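Residues per chain, in single letters:
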Amino acid sequence: MRHLLGFLTCSLFIISILNSQAPKKSSPADIYHSIEKLNFLGSALYIAAHPDDENTRLISYFSNHLNARTGYLSLTRGDGGQNLIGPELRELLGVLRTQELLAARRIDGGEQFFTRANDFGYSKQPSETLEIWNKEAILGDVVRTIRTFKPDVIINRFDHRTPGSTHGHHTSSALLSVEAFDLANDPKAYPNQLGSTTTWQPQRLFFNTSWWFYGSQEKFKEADKSNLLSMDVGVYYPMLGMSNNEIASLASSQHLCQGFGRISARGTEEEYIELLKGDLPEDRNNVFEGIDTSWSRIEGGKAIGDILYEVEKNFNFKNPSVHLPALLNAYQLLQKTNDEHWKTLKTKELTDIITAISGLYIEATTQMAYANPGESITIELEALNRSNIKVALKSIFINDQEISSQSTALENNQDFKMETSLSIPEDTNFTSPYWIMEKGTLGTYTVTDNKLIGKPETPKAFTVKFNLDFDGVIVPVSRPVVYKYAKPEKGELYQPFEIVPEATASFSDKVLIFADANARQIPVTIKAHKNNISGTVELKHGKGWQVDAVSQPFTIVKKGDEQTVYFTVTPPASENESYISPVIKLSGKEITKELVSIAYDHIPTQTVLLPAEVKIVRLNIQKAGENIGYIMGAGDEVPTSLEQIGYKVQLIDPTTISTESLAKYDAVVLGIRAYNVVNDLKFKQRFILDYAKNGGTVIVQYNTASRWADQFENIAPYELVISNDRVTNENSEVEIIATDNALVNFPNKINPDDFKGWVQERGLYFPNKWSSEFTPILEMHDDNEEASKGSLLIAPYGKGHYIYTGLSFFRELPVGVPGAYKLFSNMLSVGKEKIESNTKIKG
């Protein structure tokens, strides 16, 4: 019987991952595990810097083995990383990675929190990180999370005592945690928070250490462990049919955009945590020793515990509903306690258990994916009692509005369904991630509503409350309004119901490069989110730019359809950078937003509203050559950027690479991390090098150090050793050290001004050793570091050239950095200066 329960639990567990918006369906094993967690009144908070920094083994162990309320505070949303599964970068990547974290927490049982810190890219020192983040603000967010979550123990992922040894964000997360540990209980610290929360003193602070922090397993084996606690996180959960490490592997595999999908692990595995603050437990395997985690912890809790411990001890797996009277008794007693923190938490847990053991299926759905403020929609309500328990639906509210006060008995397996109309108020906020609704700084998001700080996502606009009457005991059950639909190839599906404007506008490109003074037609696409709309759209533009028409009319009949209008834009004669943005005028409103949808199978569909704008750049740029072959690596927008300045770019399927297929190109470019992620290149490397040898130009963008060593003797024709060297300050001084080289002279003269306006970083994974055939072109460094010459290297090879660059063109070109375009054009033009010179002579 228990093996079957484990199988069913595991199956439902996987289904819930894939369809997180659907009502939860609990097996008896799930319910029992929830009761175990209900009867543990202790909490742990894990703190690190980014999505995928968290130790899912420990989070799952605390949540599922110790049954503690477990949270993960990720200081950032991972906005500065790369994306292996799609085009989302920067704030859109932060939205995606937020949802991947939430997907991971649905698996390992944890809760998710954030600060307002923006992942601005790699940082070498915590001093730089904390300055850019605004330490005072982000420290306050950590304090707020501790005061709200009220953890008994805090575990840092990183060591606060080793600045400069790892990512500055990592060390900063630990430094802020150590400081916040004491500040959270100081009423003089961030007193403005105390209107919505209270001071709190955690009992212990730990550092999640391992052999890696000691340099080797041998050194860790010999180290003094008197201050360490250990735990075997490889435990097996018979009720769940899975081991802790299997759950952890599934959780971390949700970080798909970072390439974290991995094979499940099983078996014994020790984790160690080092005490930093608080008293050291005598039992080195019991992190909560000396902390009351029983129901006696709260006023009136002993009587509640007497009831619930008995339910746990004698749980009826065949008919869990027999425990309803006891659970309702405990529910009533819980409402009388004065401990608001635990009352709120345990009331929600107890409500979920009561609903589950009663076999109640409750949902609120609509057949519309989205609606507009002022629009009326139909909401379909369903309540089904699948047991012999006596229960009635006493009343129904949508937000604070009562829509039904007629008590209806819910008979066994007799489905209650009701349709109701909801008029969406005109002042309803649009659906979008709250942290990007206002313009922030490089290091900090702007959040105007303090109640939202720390939350993983924007609260749903509409929630339905079903007041259930269990023979005189009223238990409110809330459900968000969700969009429910079906696809023939996937079956029943759910996704969030969103509030959007009546129309939005977008450009096909985020950057438009004007390589000369000629006018261009710029398409603006208007998308209708309402039937039968008519209006106008105009372009706002900067000084020096001209637009042929004040406005263009549009009419769209059907919601979801699009119409494209065109404006002719003329650039100024000289170099210039500006923005153009559309303004939709519709029904007396002005709309300046673009709607972006992020849709992947492993997360709920996300609706993001961003400012509708495009950067326009008048650039005096020259180029030689025309046809470029591009071998995509981990994914970037460089091909589109090169097309902006007149190149014809063809994406090359790696499996088709041959001497003949490459011969037609003026240059062949390998995208970022191509050798790390494209396995076919190990069979095609000789053709790429032969192409250069025969007179072509090969440009290789950055690859991560050592990750291709098992496939390639070398990715270059000569010795080239890639390191972890990088220059993270995008404003660091750049010196041109090969002033006579064609890379900085033809067809564009490169000077120090061309390195102004770069974003996030100069570059990464620079080689630190190379053969004499290579010529270094540039020299740069971060503060207080030795200069690196490995950012841009060129070597002649046969009749052609080989170029390796760690410069972050994949970041600079898509945002329209003029100097980056000129330098990349020069790389593509290498070897063609003689051809151009001969052409002029013949002419």
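Every value quoted in this text rests on a predicted model; they were computed, and no experiment measured them. (Residues numbered from 1 in each chain as written. Predicted model: local features only at pLDDT ≥ 70, side-chain atom pairs only at ≥ 80, totals over all residues. Heavy atoms only, no water.)

Before going further, it helps to examine the pattern of salt bridges. One pass over the full model with this rule turns up 38 salt bridges. For Lys510, the salt bridge is made with Glu594, and the minimal N-O distance between the two is 2.4 Å. With Lys510 in the loop between β21 (503-506) and β22 (511-514) and Glu594 in strand β30 (residues 593-598), this residue pair connects regions lying 84 residues apart in the sequence. Between Lys585 and Glu590 there is a salt bridge; the shortest N-O distance is 3.8 Å. A relative accessible area of 34% means that Lys585 is categorised as partly exposed. The class for Glu590 is exposed, based on a relative accessible area of 58%. (Salt bridge = Lys/Arg side-chain N within 4 Å of Asp/Glu carboxyl O. Helix = DSSP H or I, 4+ residues; strand = E, 2+ residues; numbered from the N terminus. Buried < 20%, exposed > 50% of the residue type's maximum accessible area, 1.4 Å probe, protein only.)

This part covers the nonpolar core. If you look at the biggest cluster of nonpolar residues, it comprises 78 residues, and the most contacted ones within it are Leu670 and Tyr802. Excluding anything up to four places from it in sequence, Leu670 contacts Ile631, Tyr675, Leu681, Ile688, Val698, Ile699, Val700 and Gln701. Within the second largest apolar cluster, 56 residues are counted, among which are Ile298, Leu345, Ala383 and Ile389. (Core = buried A, V, L, I, M, F, W, Y, C linked by side-chain atoms within 4.5 Å. Contact = heavy atoms within 4.5 Å.)

Next up on the list: the packing of helix α5 (residues 126-133) against helix α7 (residues 168-183). Relative to each other, α5 and α7 sit at 75°, their axes nearing to 8 Å. When the axis of α5 is compared with that of α7, the two are roughly perpendicular. Contact residues: α5 offers Pro126, Thr129, Leu130 and Trp133, while α7 offers Gly168, His169, Thr171, Ser172, Leu175 and Leu176. Of the residues that constitute the contact of α5 with α7, the class distribution is five nonpolar, five polar and no charged. (Axes fitted to C-alpha atoms, helices over the stretch in contact; angles between N-to-C directions. Parallel < 35°, antiparallel > 145°, perpendicular 65-115°, else oblique. Nonpolar A, V, L, I, M, F, W, Y, C, P; charged D, E, K, R; others polar.)

By secondary structure assignment, the location of Ala49 is in the loop between β1 (43-48) and α3 (56-65). Separated by 109 residues in sequence, Ala49 and Phe158 place their C-alpha atoms 8.9 Å apart. In this view, Ala49 contacts Tyr72, Ser74, Leu75, Thr76, Phe158, His169, His170 and Ser173; residues no more than four positions away in its chain are not counted.

Another aspect to go through is the sheet that holds strand β40 (residues 775-776). Read across the open sheet, the seven strands follow the order β34-β33-β35-β36-β43-β42-β40; overall the sheet is mixed. Looking at which strands have only one partner, the edges of the open sheet turn out to be β34 (648-651) and β40. Pairing of strand β35 (residues 667-670) with strand β36 (residues 697-701) involves three bridges; the strand directions are parallel. From the neighbouring strand, Val669 faces β36, where its bridge partner is Ile699. (Pairing = 2+ DSSP bridges.)

What follows is about unusual backbone geometry. For the bond running from Phe746 to Pro747, omega is -10°, close enough to zero to count as cis. Residue placement: Pro747 occurs in the loop between β38 (734-736) and β39 (763-770). Phi angles above zero are rare outside glycine, and Asn399 is one such case at about 55°. Tracing the chain through its elements places Asn399 in the loop between β13 (392-398) and β14 (401-404). The backbone of Gln760 sits at a positive phi, close to 70°, despite the residue not being glycine. Among the secondary structure elements, Gln760 is positioned in the loop between β38 and β39. For Gln760, a relative accessible area of 8% gives the class buried.

The periodicity of an α-helix, 3.6 residues per turn, causes residues three or four positions apart to be oriented the same way. Counting buried residues in helix α18 (residues 818-828) gives 11 out of 11 residues, a clear majority hidden from the surface. Restricting attention to buried positions, one finds in α18 the residues Pro818, Gly819, Ala820, Tyr821, Lys822, Leu823, Phe824, Ser825, Asn826, Met827 and Leu828.

Turning our eyes to something else, we now look at the packing of aromatic side chains. Each aromatic ring pair is summarised here by two numbers: the centre-to-centre distance and the angle between the ring planes. If you walk through the whole model with that rule in mind, you get 23 aromatic pairs. Ring centres 5.5 Å apart and planes at 50° place the aromatic pair Tyr32 and Phe315 in the tilted group. Within this pair, whereas Tyr32 is found in helix α2 (residues 28-38), its partner Phe315 is found in the loop between α10 (301-313) and α11 (324-334), the two being separated by 283 residues in sequence. Its relative accessible area of 15% is what places Tyr32 among the buried residues. Through successive ring pairs, a cluster of aromatic residues spans Phe40, Tyr61, Phe62 and Phe288. Positioned above the aromatic ring of Phe220, the side-chain terminus of Lys225 is 4.5 Å from the ring centre. The lysine or arginine in question, Arg520, covers the ring of Phe514, its NZ or CZ lying 5.0 Å from the ring centre. (Phe/Tyr/Trp six-rings, centres within 6.5 Å; stacked < 30°, edge-to-face > 60°. Lys NZ or Arg CZ within 6 Å of the ring centre and 35° of its normal.)

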